[in-house]
Amino acid sequence: VQLQASGGGLVQAGGSLRLSCAASGHTFSTYTMGWFRQAPGKEREFVAAIRRTGGTTSYAESVKGRFTISRDNAKNTVGLQMNSLKPEDAAVYYCAAAGTNLIVSSMWSSNRYPYWGQGTQVTVSS
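Remember, predicted model here, so these are calculated numbers, not experimental data.

The rules behind each value
- Residues numbered from 1 in each chain as written.
- Predicted model: local features only at pLDDT ≥ 70, side-chain atom pairs only at ≥ 80, totals over all residues.
- Heavy atoms only, no water.
- Buried < 20%, exposed > 50% of the residue type's maximum accessible area, 1.4 Å probe, protein only.
- Helix = DSSP H or I, 4+ residues; strand = E, 2+ residues; numbered from the N terminus.
- Pairing = 2+ DSSP bridges.
- Polar contact = N/O pair within 3.5 Å; in protein donor to acceptor, adjacent residues only side chain to side chain.
- Contact = heavy atoms within 4.5 Å.
- Axes fitted to C-alpha atoms, helices over the stretch in contact; angles between N-to-C directions.

Visitor: What exactly am I supposed to notice about the pairing of strand β11 (residues 120-125) here?
Guide: Note on strand geometry: in a regular strand, side chains alternate between the two faces of the sheet. Here β11 shows a buried face lined by Thr120, Val122 and Val124 and an unburied face lined by Gln121, Thr123 and Ser125. Judged from the 4 bridges that link them, strand β2 (residues 9-12) and β11 form a sheet pairing that is parallel. By the bridge assignment for β11, Val11 is matched with Val124.

Below, the structure written as structure tokens:
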């Protein structure tokens, strides 16, 4: 599967952005989809994930209540609505796909996702 992330940009603190990830292939609905981010000098970290049907989601504590992950299996897309952005949210955001319905505790681990998009830059000014 190929993934293409978009929607990054520059936003003021407190503002919002919506990231989108388009996936190729006919089996998108079988994948667990995740968003990760990596800031300069830091390790890649989990942001949010959503299981096949969208009924189960998981979020990093740092984004709970501010970010919302969603998916549209008919359009092969997964979105990340980011509200109340903070300077510490600035990073390159990556979407990722796992070809299995991951349990929640596995969603947080980047090595469970074999497919990755190219990343989209999010910059938050204070």
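Visitor: How should I be thinking about the side chain of Asp89 in this particular structure?
Guide: Summarising the element assignment, Asp89 is placed in the loop between β8 (77-82) and β9 (91-98). At a separation of 3.0 Å, a polar atom in the side chain of Asp89 contacts the side chain of Arg37. In terms of polar contacts, Asp89 uses its side chain to reach the backbone amide nitrogen of Lys86, at 2.8 Å. Setting aside its immediate chain neighbours within four residues, Asp89 contacts Arg37, Arg66, Phe67, Ser84, Val122 and Val124.

Visitor: Sorry, what's going on with the sheet that holds strand β3 (residues 17-23) here?
Guide: Within a sheet, adjacent strands bond to each other through the backbone by hydrogen bonds, running parallel or antiparallel. Strands sit in the order β1-β3-β8-β7 across an open sheet of 4 strands; the sheet is antiparallel. The sheet terminates laterally at β1 (3-6) and β7 (67-72), the two strands that pair on one side only. Here the average twist between neighbouring strands, direction ignored, is 15 degrees. By the bridge criterion, 6 bridges tie β3 to β8 in an arrangement that is antiparallel. Across the sheet, the residue bridging to Cys21 is Val78, located in β8.

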